Amino acid sequence: MPIRPLPPELINQIAAGEVIERPASVVKELVENSIDAGARRIEVDIEQGGVRLIRVRDDGGGIPRDELALAVASHATSKIGSFDDLERVASMGFRGEALASVSSVARFSLTSRQQGEDSAWRIDVDGGRLQEARPAQHPPGTTIEVRDLFYNVPARRKFLRAERTEFAHIDDLLKSLALAREGVDIRLSHNGKPVRLLKPARDENAALARVAEVLGPEFPGQALRVEHEAAGMRLSGWVGLPTASRSQADQQYFYVNGRLVRDRVVAHAVRQAYADVLFHGRHPVFVLFLELDPAGVDVNVHPAKNEVRFREQRLIHDFLFRTLHEALAQTRAGVSAPMAEPSVPLVAAAGGTAYENRLPASGPAWPQASSQSRLSLGVRDEPLADYATLFGSIAPPRPSTSWTPPSGNEMEQGGDVPPLGYAMAQLKNIYVLAENEHGLVLVDMHAAHERITYEKLKNGRVTANLRSQMLLVPLSIAVSAKEAAAAEEHADALGEWGLELSRSGPTGVVVRRIPSLLEGADVSQLTRDVLAELAQHGSSRRLEELENELLSTMACHGSVRAGRRLGIPEMNALLREMEATERSGQCNHGRPTWVQLSLGELDRLFLRGR
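Please read all numbers here as calculations on a predicted model, not as lab measurements. (Residues numbered from 1 in each chain as written. Predicted model: local features only at pLDDT ≥ 70, side-chain atom pairs only at ≥ 80, totals over all residues. Heavy atoms only, no water.)

1. Some details on the overall build of the protein chain
Link 1 in the chain: Secondary structure summary: the protein chain contains 19 helices and 24 strands in total.
Link 2 in the chain: Partitioning the contacts of the protein chain with sequence separation of at least 6, the portion at a separation of at least 24 is 70%.
Link 3 in the chain: Summing over all exposed atoms, the protein chain offers an accessible surface of approximately 29,000 Å²; the carbon and sulfur share of this is 51%. (Helix = DSSP H or I, 4+ residues; strand = E, 2+ residues; numbered from the N terminus. Contact = heavy atoms within 4.5 Å. Areas by Shrake-Rupley, 256 points an atom, 1.4 Å probe, with all protein chains shown as cover.)

2. Some remarks on the pairing of strand 19 (residues 431-435)
Link 1 in the chain: Across the two faces of strand 19 the burial differs, with V432 and A434 buried and Y431, L433 and E435 not buried at all.
Link 2 in the chain: Judged from the five bridges that link them, strand 18 (residues 422-427) and strand 19 form a sheet pairing that is antiparallel. Along strand 19, the bridge assignment pairs A425 with L433.
Link 3 in the chain: Here strand 18 hands over to strand 19 after three residues, with K428 in that stretch at a positive phi of 55 degrees.
Link 4 in the chain: Strand direction decides the pairing type here: strand 19 and strand 20 (residues 439-444), joined by five bridges, are antiparallel. When the sheet's bridge partners are listed, V432 is paired in strand 20 with V443.
Link 5 in the chain: Count of turn residues in the strand 19/strand 20 antiparallel hairpin: three residues. (Buried < 20%, exposed > 50% of the residue type's maximum accessible area, 1.4 Å probe, protein only. Pairing = 2+ DSSP bridges.)

3. A short note on the packing of helix 2 (residues 23-36) against helix 7 (residues 163-180)
Link 1 in the chain: At a minimum axis distance of 8 Å, the contact between helix 2 and helix 7 shows a crossing angle of 30 degrees. The angle between helix 2 and helix 7 places the two elements in the roughly parallel class. The handedness of the crossing between helix 2 and helix 7 comes out as right-handed. In contact with P23, A24, V27, K28, V31 and E32 of helix 2, helix 7 contributes E166, H169, I170, L173, L174 and L177.
Link 2 in the chain: Taken together, the residues of the contact of helix 2 with helix 7 break down into eight nonpolar, one polar and three charged. (Axes fitted to C-alpha atoms, helices over the stretch in contact; angles between N-to-C directions. Parallel < 35°, antiparallel > 145°, perpendicular 65-115°, else oblique. Left-handed = near helix turned anticlockwise from the far one by under 90°. Nonpolar A, V, L, I, M, F, W, Y, C, P; charged D, E, K, R; others polar.)

4. A word on the confidence of the model for the protein chain
Link 1 in the chain: Put simply, the protein chain has an average pLDDT of 81, and 80% of its residues get 70 or more.
Link 2 in the chain: Below pLDDT 50 for its whole length, residues 336-405 participates in 155 contacts with residues either more than four positions away or in separate chains. (pLDDT = per-residue confidence, 0-100.)

5. Concerning the packing of aromatic side chains
Link 1 in the chain: If you walk through the whole model with that rule in mind, you get one aromatic pair.
Link 2 in the chain: Measuring from ring centre to ring centre gives 5.0 Å for Y255 and F289, while their planes differ by 20 degrees; the resulting arrangement is stacked. Placement of Y255 in strand 12 (residues 252-256) and of F289 in strand 14 (residues 286-291) is noted, with a sequence separation of 34 residues between them.
Link 3 in the chain: We classify Y255 as buried; its relative accessible area is 1%.
Link 4 in the chain: The buried category is assigned to F289, whose relative accessible area is 14%.
Link 5 in the chain: R65 extends its terminal NZ or CZ atom over the ring of W121, reaching a point 3.7 Å from the ring centre.
Link 6 in the chain: Residue placement shows R225 over the ring face of W238; its charged tip is 4.6 Å from the ring centre. (Phe/Tyr/Trp six-rings, centres within 6.5 Å; stacked < 30°, edge-to-face > 60°. Lys NZ or Arg CZ within 6 Å of the ring centre and 35° of its normal.)

6. Focus: the sheet that holds strand 20
Link 1 in the chain: The four strands are arranged 18-19-20-24 in an open sheet whose pairing can be described as antiparallel. Either end of the sheet is taken by a strand with one partner, and the two such strands are strand 18 and strand 24 (594-598). Each adjacent strand pair in this sheet contributes to an overall mean axis angle of 25 degrees, direction not counted.
Link 2 in the chain: Where strand 20 meets strand 24, five bridges bridge the pair, whose relative direction is antiparallel. Bridge pairing links L442 to V595 in strand 24.
Link 3 in the chain: Sheet contacts for helix 18 (residues 568-580): strand 18, strand 19, strand 20 and strand 24; angle to strand 18, the most-contacted strand, approximately 115 degrees.

7. Points about helix 8 (residues 204-215)
Link 1 in the chain: Over its twelve residues, helix 8 extends 16 Å from the first C-alpha to the last, a length consistent with the 16 Å expected when each residue adds 1.5 Å.
Link 2 in the chain: If you check which residues of helix 8 are buried, you get A207, L208, R210, V211, A212, V214 and L215.
Link 3 in the chain: One side-chain oxygen of the residue at the start of helix 8 lies 3.2 Å from the amide nitrogen of N205, identifying that residue as D203. (Expected span 1.5 Å × (residues − 1). Polar contact = N/O pair within 3.5 Å; in protein donor to acceptor, adjacent residues only side chain to side chain.)

8. Some words on the packing of helix 9 (residues 264-273) against helix 16 (residues 523-537)
Link 1 in the chain: For the pair helix 9 and helix 16, the least separation of the axes is 11 Å and the interaxial angle reads 130 degrees. By the angle between their axes, helix 9 is oblique relative to helix 16. Residues R264, V265, H268 and Q272 of helix 9 form the contact with helix 16, whose participating residues are E533, Q536 and H537.
Link 2 in the chain: Across the contact of helix 9 with helix 16, the residue classes tally to one nonpolar, four polar and two charged.

9. Here's the deal with helix 2
Link 1 in the chain: Taking 1.5 Å per residue, 14 residues should reach 20 Å; helix 2 reaches 20 Å between its end C-alpha atoms and fits that length.
Link 2 in the chain: Most of helix 2 is tucked away: twelve of the 14 residues are buried.
Link 3 in the chain: Those residues of helix 2 that fall on the buried side of the exposure criterion are P23, A24, S25, V26, V27, K28, E29, L30, V31, E32, S34 and I35.
Link 4 in the chain: At the exit of helix 2 stands G38, carrying a positive phi of roughly 85 degrees.

10. Section: the nonpolar core
Side chains of nonpolar character tend, in soluble globular proteins, to be buried together.
Link 1 in the chain: One finds V27, V31, V44, F108, V146 and L174 to be the most contacted residues of the largest nonpolar core, which totals 43 residues.
Link 2 in the chain: Leaving out residues up to four positions away in the same chain, V44 has contacts with V27, V31, R55, V56, L174, R187, L188 and S189.
Link 3 in the chain: Of all hydrophobic cores here, the second largest spans 33 residues; its members include V89, L241, V277 and L292. (Core = buried A, V, L, I, M, F, W, Y, C linked by side-chain atoms within 4.5 Å.)

11. Some remarks on the sheet that holds strand 21 (residues 468-478)
Link 1 in the chain: Read across the sheet, three strands follow the order 21-23-22 without closing on themselves; strand pairing throughout is antiparallel. Both outer strands of the open sheet, strand 21 and strand 22 (500-505), are each paired with one neighbouring strand and no more. In this sheet, adjacent strand axes meet at a mean angle of 15 degrees when their direction is disregarded.
Link 2 in the chain: Sheet topology places strand 22 next to strand 23 (residues 508-515); five bridges connect them, and they run antiparallel. In the strand pairing of strand 23, G505 is matched with G508.
Link 3 in the chain: Taken strand by strand, helix 16 contacts strand 21, strand 22 and strand 23, and its axis lies near 70 degrees from that of strand 21.

12. Focus: the pairing of strand 12
Link 1 in the chain: The buried fraction of strand 12 amounts to five of the five residues, a majority that puts the element mostly inside the structure.
Link 2 in the chain: Judged by which residues are buried, strand 12 turns out to be covered on both faces: Q252, F254 and V256 on one side and Y253 and Y255 on the other are all buried.
Link 3 in the chain: Two strands pair when backbone bridges link them, and strand 12 and strand 14 are joined in this way by five bridges, in the parallel orientation. Among the inter-strand pairings, F254 is bridged to a residue of strand 14, identified as L288.

Rendered as structure tokens:
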């Protein structure tokens, strides 16, 4: 067969195969065009899941009559005009393929009226054949109708799912766009019936209400507000508490300069930030917005524009990890209903009215237990003492203050009450029962003390000199060329963690020293895991994760066990330690350490007030 140019209609249908996967893909392209046109109100009407009709109406700037034909031409756009523009894309669309692709696989019409013009104009495209523009009645803005999707590509139509499934994809898409464009009024109807109305948000409370409409009404009370700027980047949004995790990653929204993306670097950074607090097999919930110079991110990676490539991949990864890691460190026990505090620069919590949702870094202001009543340090310190030689003192000594539990009526006298309240009793030698301002607090004493001990061990490792051990015989390991280059590039950073590597050739490294804590580990596999992460993400926490696993085991064996009887002073000492310890809302394995039952919840259990 001779080489010959393809007809424009076939070119557009080929492009549609990449851009238009299902009705939701059409809605995405049309709504993003409306957003780029400056629309403040967007109406989306769907029939039969989008197969019969997709109509998108906006109040944006409109299209001039003499540009209507260009609007549906392939590779024609008003958003970029040079390679420099492509390097700094700030609009949602830029490729100039969407309308041409859609109009080649459906019956298409476009009606538009510019602001200030007296009349509107309409063009129709049927299977890629453009008709002449004609006058029409239309308010300022644009309406696009897409009928009989894939009518001329029956093979594609066979792959569409049931009407309900296709509409669900459209609904999910509009919710994700609404999170990023909180000032835009978005309305959705299906088969003539209104389904969703997302009103514009004028302030942060309204924006949080829109988030609650998308992720569920319980999310604001189980989320932390994140706001952080550094190195020319800004991260904002909400991250769910570990207790708000889900069995699947279906409520994770990450936006780069307003564009929803899926990225391995981002996913890896988030996963590492939650590593210490999330139960195995669970997935965090978050809505996060990353803003950076458009030149620092390449959005021209995939025709669907849902993937990006960061130019400073390692910097992005470290910025995300450190910001989220610090945010989650504030999840101390006692934070049952966080509330927003804009004055806190790094992280503030969202929703609710807790007694106190943030404690100073130096510990709580509540009186500390005396040395005689301190939990475990006189009961279970013996196993931990054996490890002190590896990294010095487990934790700096805390000041001892004379303190006795409050009398029974102190709660009624209106004095300051700690977030976890005061201990009342112990249930089955497993759970501590305490009373605070909100009602009843239940604490799993082993899980809580395990987290306290674990954090002290980690702090002791950080504050002491990290010790390493020289291998009697250096170990040679074969790796890929990319991993060998990563070992050479990051040799100093690895040395700070006690892992001494040197490159021995194009595809080989030699291990001479390992961290003392990891004596007995599989050095070959450890090295390969570390270098694989360095090669892919530009950073690795594998060494730290392995050490943390060992410290977690130490903490588990060195913590007070279920079945041991505690006195009231010991129980109160545990509560005060929990309030002062980072991430104490979960144990080392991600299980919750405490539960709050409010008076209202207790009343409902006993049908009081009904």
